[in-house]
Amino acid sequence: MRYLSTRGQAPAQQFCDILLGGLAPDGGLYLPESYPRVTDAELTAWRALPYAELAFEILSRFIDDIPAEDLRAICRKTYTAQVYGNVREGSDATRITPVTWLEAGEGANHRGGLGLLELSNGPTLAFKDMAMQLLGNLFEYVLEQRGEQINILGATSGDTGSAAEYAMRGKHNVRVFMLSPNGRMSAFQRAQMYSLQDENIFNIAVEGMFDDAQDIVKAVSNDHAFKKQYKIGAVNSINWARVVAQVVYYFAGYFGATERNDQVVDMAVPSGNFGNICAGHIARTMGLPIRKLVCATNENDVLDEFFRTGVYRPRTSAETHVTSSPSMDISKASNFERFIFDLVGRNGDTVRALWQQVESGGAFDLNETPFADKVAEFGFVSGSSSHADRLATIRATRDAYGVVVDTHTADGLKVAAQYREADAPMLVLETAQAAKFEETLREALGEAPPRPAGFDHLEALAQRVEVMPVDVNRVKAFIRAHVDA
Ligand SMILES: *Cc1c(COP(=O)(O)O)cnc(C)c1O
């Protein structure tokens, strides 16, 4: 399987080559040259598989430059009930991504039912663990094979940084330098990251905002000599391996909600960067019977606007709202370009022209192209949610079902309600646990959300963090002092 750039001007690559890189040299995102199609017989056989074996079956159709037995071993090491053991009472951790039915629906295929696909039972209690844990094991494997090292530099407002650190802690040949805005994450998120004592994990709290931290990362990455000498890498959401790892749980969710392959499901996905739901689009294109993909945004409704109007207009950072579902507070949807590539018939020239329009005029309008009518064929519908919706949904979900959800999942539930139908189940992807967003949960419920066992005294653990002014040179000096180049 070879990988192409969405902008059509970069050489084709193998999986292991794009694993450690970021954007393609032409500024595009990598995608497989074609999507493998699954047969009915495969779907039937895969239904019975444990999650790790299902992951192997799916990933091996995209990855042919790692020997099958090694890939299988990596999947088995990654997807264990121990790693994904932070389940709510009554859920089965051995399923890795169990379904919690809020309303079970009718019959074995849960017609009309409403369920949560639990994706946040990993070490950092957010769905990013689903892919990042695999990435950690893939990185370690490939670096060992090649005798190379990597120093991951990133900026986080919360969930991505902690998922990366928990995936890379203790790994050979990998160091993580993670910048965060000093004093701006929740106490829980700070404690999660800063309490790690592993020698290969470095937390840097910059005295500024998230955007300042991100600008430092960009400045360091644009210093090509430094980047090369200190082997700087990234694990951001455009990483293809993260997307493909997420394809697996769409299959697992489908199998959890149906009994036969002639049944369809609708799935609702809380979205900001279009990373998670892009994997849903790929699963659907492979032949998984997903009927509707419901794209749920918060007040930052770039994606909802696109699916309603055909206009894609990224926002400036000044136009980006700070909300109570902060992991969806984005101004542009980085992974969206992958979907547009498929939508326009996988034509790199068309994608390049559209993104030129975005860069010069701030937007593109699909209605001015022959592709506007095609969007519906891909199953997408959308909606958005507000702070008041979020609070009301968290309360209503607790009152009706006795289940406490986080703010992002609440956005998913709110929009899912607009599209639920009696002839199929609706699965909402649960992207984080409520414990991570205690402040808003208190506002909604008047009490603290439940915490999984083992997280009770998190904030009391000793913390290890370097506080720094917003200064690229200070960050570079810190990296130099901790890396032998
Ligand atoms: C990252 C994140 C999202 C948004 O996911 P994308 O696929 O990047 O749009 C939603 N919810 C939570 C809790 C997250 O951490």
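Residues numbered from 1 in each chain as written. Predicted model: local features only at pLDDT ≥ 70, side-chain atom pairs only at ≥ 80, totals over all residues. Heavy atoms only, no water.

Glancing now at the overall build of the protein chain. Regarding its fold elements, the protein chain presents 18 helices and 15 strands. The C-alpha atoms of the protein chain give a radius of gyration of 21 Å, which matches the 23 Å a tight globule of 485 residues would have. Projecting the C-alpha coordinates of the protein chain onto the three principal axes gives extents of approximately 60 × 55 × 50 Å. Partitioning the intrachain contacts of the protein chain with sequence separation of at least 6 by distance along the chain shows that 74% fall at a separation of at least 24. Mean positive and mean negative side-chain charge positions of the protein chain (47 and 62 charges, respectively) differ by 2 Å. (Helix = DSSP H or I, 4+ residues; strand = E, 2+ residues; numbered from the N terminus. Rg over C-alpha atoms; globule rule 2.2 N^0.38 Å. Contact = heavy atoms within 4.5 Å. Lys, Arg positive; Asp, Glu negative; His and termini not counted. Charge placed at Lys NZ, Arg CZ, Asp CG, Glu CD.)

Here the focus is the site of the ligand. Neighbouring residues of the ligand: 15 residues in total, closest Lys128, Asp159, Gly272, Asn273 and Asn276. Asp159 places a polar side-chain atom, nitrogen or oxygen, 2.7 Å from an oxygen atom of the ligand. Here an oxygen atom of the ligand and a backbone polar atom of Asn276 are 2.6 Å apart. Considered class by class, the residues forming the shell around the ligand number 5 nonpolar, 8 polar and 2 charged. (Near = heavy atom within 4 Å. Polar contact = N/O pair within 3.5 Å; in protein donor to acceptor, adjacent residues only side chain to side chain. Nonpolar A, V, L, I, M, F, W, Y, C, P; charged D, E, K, R; others polar.)

Per the UniProt annotation, the sites labelled "domain: Tryptophan synthase beta chain-like PALP" (unreviewed entry) are residues 93-351. The distance from the first to the last C-alpha atom of residues 93-351 is 41 Å, and the span holds 41% helix and 19% strand. (UniProt positions renumbered as here; feature names shortened; annotations may be inferred.)

Quick look at the sheet that holds strand S8 (residues 232-233) now. Spatial ordering of the open sheet is given by S8-S5-S6-S7-S15, a layout of 5 strands whose pairing is parallel. Either end of the sheet is taken by a strand with one partner, and the two such strands are S8 and strand S15 (466-468). Strands strand S5 (150-155), strand S6 (174-181), strand S7 (201-206), S8 and S15 of the sheet are contacted by helix H18 (residues 472-482), whose axis makes an angle of about 155 degrees with S6. (Pairing = 2+ DSSP bridges. Axes fitted to C-alpha atoms, helices over the stretch in contact; angles between N-to-C directions.)

Of all hydrophobic cores here, the largest spans 113 residues; its most connected members are Tyr250, Phe251 and Phe336. Looking at this core element by element, the count peaks at 14 residues for helix H10 (residues 240-257). Once residues within four sequence positions are removed from consideration, Phe251 is found in contact with Val38, Leu43, Trp46, Leu54, Ile58, Ala283, Met286 and Leu288. Judged by nonpolar contacts, the second largest core, of 25 residues, contains Leu114, Val403, Val415 and Ala416. (Core = buried A, V, L, I, M, F, W, Y, C linked by side-chain atoms within 4.5 Å. Buried < 20%, exposed > 50% of the residue type's maximum accessible area, 1.4 Å probe, protein only.)

Below, the discussion takes up the pairing of strand S9 (residues 265-270). Along any regular strand, the residues point their side chains to alternate faces of the sheet. The element S9 is largely enclosed, with a buried count of 6 among its 6 residues. The alternating pattern of S9 places Val265, Met267 and Val269 and Asp266, Ala268 and Pro270 on opposite faces, both of which are buried. Summarising the sheet, S9 and strand S10 (residues 290-297) pair through 5 bridges and their orientation is parallel. Note on S10: the bridge partner recorded for Met267 is Leu293. Examined bridge by bridge, S9 and strand S14 (residues 426-430) share 3 bridges and lie parallel to one another. The residue bridging Asp266 from the neighbouring strand is Met426, located in S14.

A word on the sheet that holds S9. With mixed pairing, the 6 strands of this open sheet are ordered in space as S3-S4-S14-S9-S10-S13. Among the strands making up the open sheet, the edge pair consists of strand S3 (99-103) and strand S13 (380-384). Pairwise comparison of adjacent strand axes, ignoring direction, gives a mean angle of 25 degrees for this sheet.

The next thing to look at is the pattern of salt bridges. Following the criterion strictly, the structure yields 38 salt bridges and no others. For Arg390, the salt bridge identified is with Glu299, shortest N-O distance 2.7 Å. Here the residue Arg390 occupies a position in helix H15 (residues 387-401), and Glu299 occupies one in the loop between S10 and helix H12 (302-309), the gap between them amounting to 91 residues. Overlapping salt bridges, with partners in common, bring together Asp266, Arg291, Lys292, Glu421 and Asp423 in one network. (Salt bridge = Lys/Arg side-chain N within 4 Å of Asp/Glu carboxyl O.)

This brings us to the packing of helix H13 (residues 336-343) against helix H14 (residues 348-361). For the pair H13 and H14, interaxial distance at closest approach is 9 Å and the crossing angle is 130 degrees. Compared by their axis directions, H13 and H14 come out oblique. Crossing hand, H13 versus H14: right-handed. Touching Phe336, Glu337, Ile340 and Phe341 of H13 are Gly348, Val351, Leu354 and Trp355, all from H14. By residue class, the composition of the contact of H13 with H14 is 6 nonpolar, 1 polar and 1 charged. (Parallel < 35°, antiparallel > 145°, perpendicular 65-115°, else oblique. Left-handed = near helix turned anticlockwise from the far one by under 90°.)

The final tally for this structure, using the stated rule, is 0 disulfides. Cysteine Cys75 remains unbridged, with the sulfur of Cys16 as its closest cysteine sulfur at 13 Å. (Disulfide = S-S within 2.5 Å.)

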